[in-house]
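Close look at the chain arrangement
Okay, here's what each chain looks like letter by letter:
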Amino acid sequence: MKPYLIALFVPPYAVCRHGCAGGCCAAPVGVFWLTAILGIVYGWYGGPLGHEGISWGTVGLGVLLYVISVVWAWLTLRQAAEDRCPPTDGTRPKSGIVCKVMPGVDEPDPFDEVRKARS
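Worth saying up front: this structure is predicted, and the values here are computed from it rather than measured. (Residues numbered from 1 in each chain as written. Predicted model: local features only at pLDDT ≥ 70, side-chain atom pairs only at ≥ 80, totals over all residues. Heavy atoms only, no water.)

1. Brief notes about the nonpolar core
To keep it simple, the criterion reads: Only buried Ala, Val, Leu, Ile, Met, Phe, Trp, Tyr and Cys residues count toward a nonpolar core, and they belong to the same one when joined by side-chain atoms within 4.5 Å. Exposure is judged per residue with a 1.4 Å probe applied to protein chains only, and the accessible area is read against the type maximum: over 50% gives exposed, under 20% gives buried, and values in between give partly exposed. Runs of H or I in DSSP of at least four residues are treated as helices and runs of E of at least two as strands, each being numbered from the N terminus.
Membership of the largest hydrophobic core is limited to eight residues, which are Ala7, Ala14, Val15, Cys25, Ala26, Val29, Ala73 and Leu77. Looking at this core, the elements that each hand over two or more residues are helix H2 (11-18), helix H3 (22-44) and helix H4 (56-81). For this core, the leading source of residues is H3, giving three residues.

2. A closer look at the packing of aromatic side chains
The line we're drawing: A pair of aromatic rings is counted whenever rings of Phe, Tyr or Trp (Trp by its six-membered ring) have centres within 6.5 Å, and the orientation is called stacked for planes under 30 degrees apart, edge-to-face for over 60 and tilted otherwise.
A complete count under the given rule lists one aromatic pair for this structure. A ring pair is formed by Phe32 and Trp72, whose centres lie 5.8 Å apart and whose planes are at 75°; its orientation type is edge-to-face. One end of the pair, Phe32, is in helix H3; the other, Trp72, is in helix H4, with 40 residues separating them in the sequence.

3. Brief notes about the environment of Ala73
The criterion, for reference: In this description, contact between two residues means that some pair of their heavy atoms is separated by no more than 4.5 Å.
Among the secondary structure elements, Ala73 is positioned in helix H4. In this structure, the C-alpha to C-alpha distance between Ala73 and Ala7, residues 66 residues apart in sequence, is 6.1 Å. Discounting residues that sit within four places of it in the chain, Ala73 has contacts with Ala7, Pro11 and Val15.

Bear in mind that shape data such as this cannot, by itself, settle questions of function.
See below:
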């Protein structure tokens, strides 16, 4: 429950700290999160049109981006909780996508094959 609570307030930190795809997802989640905060603050001060009051459209866009970043973080954390992450200790089986992407030890290096074909 703690990672999900952290994801509610600081989604990029929760993804980077507790998610298996932290290296891939922390940056885009962080961009959405920072843009959401800036949009809310900017809308509070009048938005792009410089209204005297609050620009509710800009604030609404900021809230939408914040919700997207939190949902993205929760999905990443749920994926990590369901053991779809690559194993770190070598005991759990790898997920299907990791087995497809990562070559096995006995597989030749594709760049070696290209070099052989060129020479």
